[in-house]
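One-letter residues, chain by chain:
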Amino acid sequence: MTTDPETRETSPQPENGTGEDTGRTEAGTAPGGEDQDGAAAAPAGEGAAAPERTEAEAELAAQRIERERIERRKAEKQGPVEAGTKLSGKAADLLAAVRAVESGEKPVSSAFREPAPAPRRAAPEPERPARPVTPPQSPTAPGTELVAAVRALLTGAGAPDTLAPQVASVLGETADARLQADPWQLLRVAGVRPEQADGFARALLGAECRPDDDRRARAMTVWLLEQAALAGHTALEIPALETALTQRSVPDPDAAVQSSVAEGEVLVFQDALETTGPGAAPVEGPAGEGEDEAEERPVRVLIGLERYALAEESLADGLARLINSVPKENGSADAWERAARSVSGAAGELIRAAAGHGLVLHTGGEASRIEPATLLYAARDLGVRAWAATHSPAARDALRDRLDLPDTATAHPAFTTVAGLLSGAEGPGRDADGALDLDLLIVLDAPQLDVESAALLTESLPDGARLVLSGDPGVLWSAGPGRVFADLLTARACPQIASRTPDPGPIGELVSSVGIGELPQVDAPGKEVVIVPVQDAREAVHRTVQLVVDSVPRAIGIPSQETQVITPGHGGAAGTRVLNAALKERLNPGPGRFGGFDAGDRIAYSPAPGRTVQGHVVTADAEGLHLECSGEPVVVPKERVDQAVRHGWAITAHQAVGQRWPAVVVVLPGDAAQALSRPWVYTAFGRADRHLSVVHGVEQALPRAVAETPAKPRTTRLPLLLRGQLPTAG
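Residues numbered from 1 in each chain as written. Predicted model: local features only at pLDDT ≥ 70, side-chain atom pairs only at ≥ 80, totals over all residues. Heavy atoms only, no water.

**A closer look at the overall build of the chain**
Under the convention used in this document: Starting at the N terminus, helices and strands are each numbered in turn, a helix being any DSSP run of H or I of at least four residues and a strand any DSSP run of E of at least two. Remark: exposure states derive from per-residue accessible area (1.4 Å probe, protein chains only) relative to the maximum for the residue type, with buried under 20%, exposed over 50%, and partly exposed in between. Method for areas: the Shrake-Rupley scheme with a 1.4 Å probe, in which residue coverage is limited to the protein chains shown.
Within the chain one finds 25 helices and 22 strands. By the burial criterion, 55% of the 730 residues in the chain qualify as buried. Of the roughly 30,800 Å² of accessible surface on the chain, 49% is carried by carbon and sulfur atoms.

**Some thoughts on the sheet that holds strand β18 (residues 632-636)**
What counts is decided by this rule: Only strands that DSSP links by at least two bridges are regarded as paired with each other. To obtain each axis, a line is fitted to C-alpha atoms, and for helices this fit is confined to the stretch in contact; angles are then taken between N-to-C directions over 0 to 180 degrees.
Read from one edge to the other, the open sheet built from five strands follows the order β18-β17-β16-β15-β19, with strand pairing classed as antiparallel. Single-partner strands in this sheet number two, and they are β18 and β19 (645-647). Taking the axes of each pair of neighbouring strands and ignoring which way they run, one obtains an average angle of 45 degrees across the sheet. Inspection of the sheet shows strand β15 (residues 602-605) paired to β19 by three bridges, in the antiparallel sense. From the neighbouring strand, Tyr605 faces β19, where its bridge partner is Val645.

**Brief notes about helix α9 (residues 253-262)**
Most of α9 is tucked away, with nine of its 10 residues classed as buried. Along α9, the residues that are buried comprise Pro253, Asp254, Ala256, Val257, Gln258, Ser259, Ser260, Val261 and Ala262. Positive backbone phi, at 75 degrees, marks Gly264, one or two positions downstream of α9.

**Overview of the side chain of Asp450**
For clarity, the threshold we go by: Any pair of N or O atoms that falls within 3.5 Å is considered a polar contact. Within protein, one atom must be able to donate a hydrogen and the other to accept it, and sequence-neighbouring residues count only if both atoms are side-chain atoms. Any two residues whose heavy atoms approach within 4.5 Å at even a single point are treated as in contact.
Inspection of the secondary structure puts Asp450 in the loop between β10 (440-443) and α16 (451-460). For Asp450, the side chain forms a polar contact with the main-chain nitrogen of Glu452, separated by 3.0 Å. Each residue touching Asp450, except ones within four places of it in the same chain, is listed here: Ser478, Gly480, Pro481 and Val484.

**Digging into unusual backbone geometry**
Residues other than glycine seldom take positive phi values, yet Ser249 does so here, at roughly 60 degrees. Relative to the helices and strands, Ser249 is located in the loop between α8 (238-247) and α9. You can call Ser249 partly exposed: its relative accessible area is 49%. One non-glycine residue, Asp445, adopts positive backbone phi at about 55 degrees. Tracing the backbone shows Asp445 in the loop between β10 and α16.

**A look at the confidence of the model for the chain**
We apply this condition: A residue's pLDDT is the predictor's confidence in that residue, given on a scale from 0 to 100.
Looking at the chain, pLDDT values average 81 and 75% of them are 70 or higher. Confidence drops under pLDDT 50 across residues 277-294; counting only partners more than four residues distant or on other chains, this segment forms 18 contacts.

**So, the environment of Ala256**
Along the chain, Ala256 falls in helix α9. For the pair formed by Ala256 and Glu242, sequence separation is 14 residues and the distance between their alpha carbons is 8.6 Å. Contacts of Ala256, omitting those with residues within four sequence positions, involve Ala217, Thr221, Leu245 and Val250.

**Section: the sheet that holds strand β5 (residues 267-272)**
Within a beta sheet, neighbouring strands are joined by backbone hydrogen bonds and run either parallel or antiparallel to one another. Taken together, three strands build an open sheet; the order of strands is β4-β6-β5 and the sheet is antiparallel. For this open sheet the edge positions go to β4 (236-237) and β5, each flanked by a neighbour on one side alone. Where β4 lies against strand β6 (residues 299-304), two bridges are found, and the strand directions are antiparallel. From the neighbouring strand, Leu236 faces β6, where its bridge partner is Ile303.

**Let's talk about the nonpolar core**
As a reminder of what qualifies: The criterion is simple. A nonpolar core is a set of buried Ala, Val, Leu, Ile, Met, Phe, Trp, Tyr and Cys residues joined through side-chain atoms within 4.5 Å.
Leu154, Val167 and Ile303 are the most contacted members of the largest nonpolar core, which totals 49 residues. Those elements giving two or more residues to this core turn out to be α3 (144-156), α4 (164-171), α5 (175-181), α6 (194-205), α7 (214-230), α8, α9 and β6. Of all the elements, α7 adds the most residues to this core, at nine residues. Discounting residues that sit within four places of it in the chain, Leu154 has contacts with Ala159, Pro160, Leu163, Ala164, Val167, Leu179, Leu186 and Phe200. Ala446, Ala465, Val484 and Leu726 belong to the second largest nonpolar core, which has 37 residues in total.

**With respect to the packing of helix α18 (residues 505-515) against helix α23 (residues 678-685)**
Put simply, the test is: The labels follow the angle: roughly parallel below 35 degrees, roughly antiparallel above 145, roughly perpendicular from 65 to 115, and oblique for the rest. Each crossing gets its hand from how the near helix is turned against the far one by less than a right angle, where anticlockwise is left-handed and clockwise is right-handed. Note on residue categories: nonpolar means Ala, Val, Leu, Ile, Met, Phe, Trp, Tyr, Cys or Pro, charged means Asp, Glu, Lys or Arg, and polar means any other residue, Gly included.
Packing of α18 against α23 brings their axes to within 9 Å, and their N-to-C directions diverge by 165 degrees. Compared by their axis directions, α18 and α23 come out roughly antiparallel. Regarding α18 and α23, the two cross each other, and that crossing is left-handed. Between α18 and α23, the residues in contact are Ile507, Leu510, Val511, Val514 and Gly515 and Arg678, Val681, Tyr682 and Phe685, respectively. The residue makeup of the contact of α18 with α23, split by class, is seven nonpolar, one polar and one charged.

**Considering the packing of aromatic side chains**
The line we're drawing: Geometry of aromatic contacts follows a simple scheme: Phe, Tyr and Trp rings, the Trp one being its six-membered ring, pair when their centres are within 6.5 Å, and the pair is stacked under 30 degrees between planes, edge-to-face over 60, tilted otherwise. The criterion for a charge sitting over a ring is simple: Lys NZ or Arg CZ within 6 Å of the ring centre, and within 35 degrees of the ring normal.
The tally for this structure, following the rule as stated, stands at one aromatic pair. Taking the centre distance of 6.2 Å and the plane angle of 50 degrees together, the rings of Tyr377 and Phe415 count as tilted. With a gap of 38 residues between them, Tyr377 in helix α13 (residues 370-381) and Phe415 in strand β9 (residues 415-417) connect regions that are remote in the sequence. Sitting above the plane of the Phe269 ring, Arg717 keeps its charged end 3.9 Å from the centroid.

**A look at the side chain of Asp487**
In this structure, Asp487 sits in helix α17 (residues 484-491). Within the structure, the side chain of Asp487 is placed 2.8 Å from the side chain of Thr716, a separation counted as a polar contact. With sequence-adjacent residues up to four places away left out, Asp487 is seen in contact with Thr716, Leu718 and Pro719.

**So, the pairing of strand β11 (residues 466-471)**
For clarity, the threshold we go by: Here a crossover is taken to be right-handed if, once the strands point away from the viewer, the path from the first strand over the helix to the second is traced clockwise.
Most of β11 is tucked away, with six of its six residues classed as buried. Every second residue of β11 is oriented toward a common face, with Arg466, Val468 and Ser470 on one face and Leu467, Leu469 and Gly471 on the other, all of them buried. As paired elements, strand β7 (residues 359-363) and β11 share five bridges and run parallel to each other. Residue Leu359 lies in a different strand from β11, and its bridge partner there is Leu467. Between the parallel pair β10 and β11, the chain is carried across by α16, and the sense of this crossover is right-handed.

**As for the pairing of strand β22 (residues 688-696)**
Counting buried positions along β22 gives seven out of nine residues, so the element sits mostly inside the fold. Pairing geometry for strand β13 (residues 529-533) and β22, over five bridges, is parallel. Across the sheet, residue Pro533 finds its bridge partner in β22, namely His696. Two strands pair when backbone bridges link them, and strand β21 (residues 661-668) and β22 are joined in this way by seven bridges, in the parallel orientation. Looking at the pairing, Trp661 lines up with Ala688 of β22. You can see the chain leave β21, run along α23 and come back into β22, and the turn it takes is right-handed.

**Overview of the environment of Gly420**
Summarising the element assignment, Gly420 is placed in helix α15 (residues 418-423). Residues Gly420 and His391, 29 residues apart in the sequence, show an inter-C-alpha distance of 9.8 Å.

**A closer look at α3**
In plain terms, the rule: A helix is expected to span 1.5 Å multiplied by its residue count minus one. Think of the arc as the fan of directions from the helix axis to the C-beta atoms.
The end-to-end C-alpha separation of α3 is 18 Å, in line with the 18 Å expected for 13 residues at 1.5 Å each. Among all positions of α3, only Leu146, Val147, Val150, Leu153 and Leu154 are buried. Mapping the buried residues of α3 onto a view down its axis gives an arc of 125 degrees, with all of them on the same face. Seen from the buried face of α3, the exposed residues on the opposite side, beyond 90 degrees, are Thr144, Glu145 and Gly156. The inward-facing, buried residues of α3 contact α4, α5 and α6. Gly158 lies just past α3 and shows a positive phi near 80 degrees.

Shown next, in the form of structure tokens:
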């Protein structure tokens, strides 16, 4: 590495308060204690010539239709699962509570005590259900009378009346009556904090407002599970949830969880745990079979929200269908083998694996992306309807531009984004049965798939289709709940092809070393990697602006508009807010005449939770803020600008995943030390193509994070759900 020799100026110590962004609208503290200073992410319309439904609305509506279909499928399944014959303690009480709810009785009072062993729940059948053929409908906006009634209720209790449209949309046609009967329903609105809901309840209920109110306990339980989803969990173990409830001043956490189960606000799960090591197969068999001989095994009791539970179960069903099925004979076996022999290394292995399997995993760094692209065009040459989807439009365009495509490829664009594919705005469209009209889908940036997007993708694939998930397992996981790609790699339920193509140059060497927990000095004769030490946050901001505006363009030859700044969070003395203000002042000064933005401002736009696209401001009018993102016009309604658009000269690593820039400046101020982890550093450093500058103010916290801080664990159910649907060995 090279150390920048320029002199430094002294300044006060930085403020604390760095919060990592995950591209969502909500902000809060998850049960694990992580600060979720979320970025703007409200759905908004795209394009001056956009159809009646925006892409984000179409995607959300499609997901809603899919969830309804999943619920219908589960209700239609024949043969009730016989379970619970040997349960005791908490597991038995939970089962009794659920059955009591189903029969209309009160749940047992002793629920949620000590866990006890329980038999494995029988796996759901993997048969593919019928798909809805009708296109998703646009959500209906709440009526003006309802919004007015909600607004009157909010203002009467001292709450902001600007929440009225959101409350009416979230709570539905009887929003005012529901809010009057249960003021803590306000917590269902994105961005509302518990203390705000408590204040609203006190104003509305007066002396009747008590901390032990059952309504408050249930609302807090649901809110905490939503916050857990923001932190990546699809469910929580009961001790973790009860601890979080205690921290939120719920007097009886046990009763709160029990009441939430009884009212159907949350679901309870009993997952049998392995007792013979990670590689051993579980003891199978329907509950009640061989009861006298069956060994009792420990179970993990989890609490989760129906939304994510249905998505995770649907995903397991869809993946099992792919794994257990035989792909269509698109081309002869000899033709696939000839295609595999025509290329070398992992690309040939990937073609062979895709030829004979419905699900294949491919891992590797940035350079390895050529291998799934090779599979894509080899398959298309065989007459296979093959498509590749990336996480972002920028990644899609970059991959398409860097490939040396054959002449015929340009006439058959085979690249799309996951969001565009799901919404129908891009890709092959759907067949008469509602399935995606393709034979092979390659998803790059697979670690960015959350359970809902992954479930919708797998359930949308036609019978006999192939799915290849490709990605770098070292990068940050999805912004939404789940760790789909990591769970599948751990499950080892399908072929896994590991690329042997290293990322080139000093940056590739550095990133590869970070991936195995090392932070070496690398030789960078062309100043590919430069370390800029700083003493405090003020100096970090000063040196960052200097690098972007002057040093990198002059010394490296990369212009400012091709240099991206990445920092751990939005807050803090050197977060995105401070850095963007400083960079705007130098690169595009102006009064912010369009709601804080000026024409030419670089922006980061979040059309939906967990998604960020980059672009620049064109103009603004009565319609809203006009942007250009990846060459496409986008119009953000003025009421959505504050939530959906940020300045984009500086972004977080979560927002940068799936994209690369010629030059990247990674800013590590002193107050960011606690936010660093190996995946964060790996992701941030790996966004640079030709030059990486590291503004380094965390001293030994950086090598310590790389060596000792892996990804934060996430609680998911996918491995157990999937394992129950796959054939056992031997």
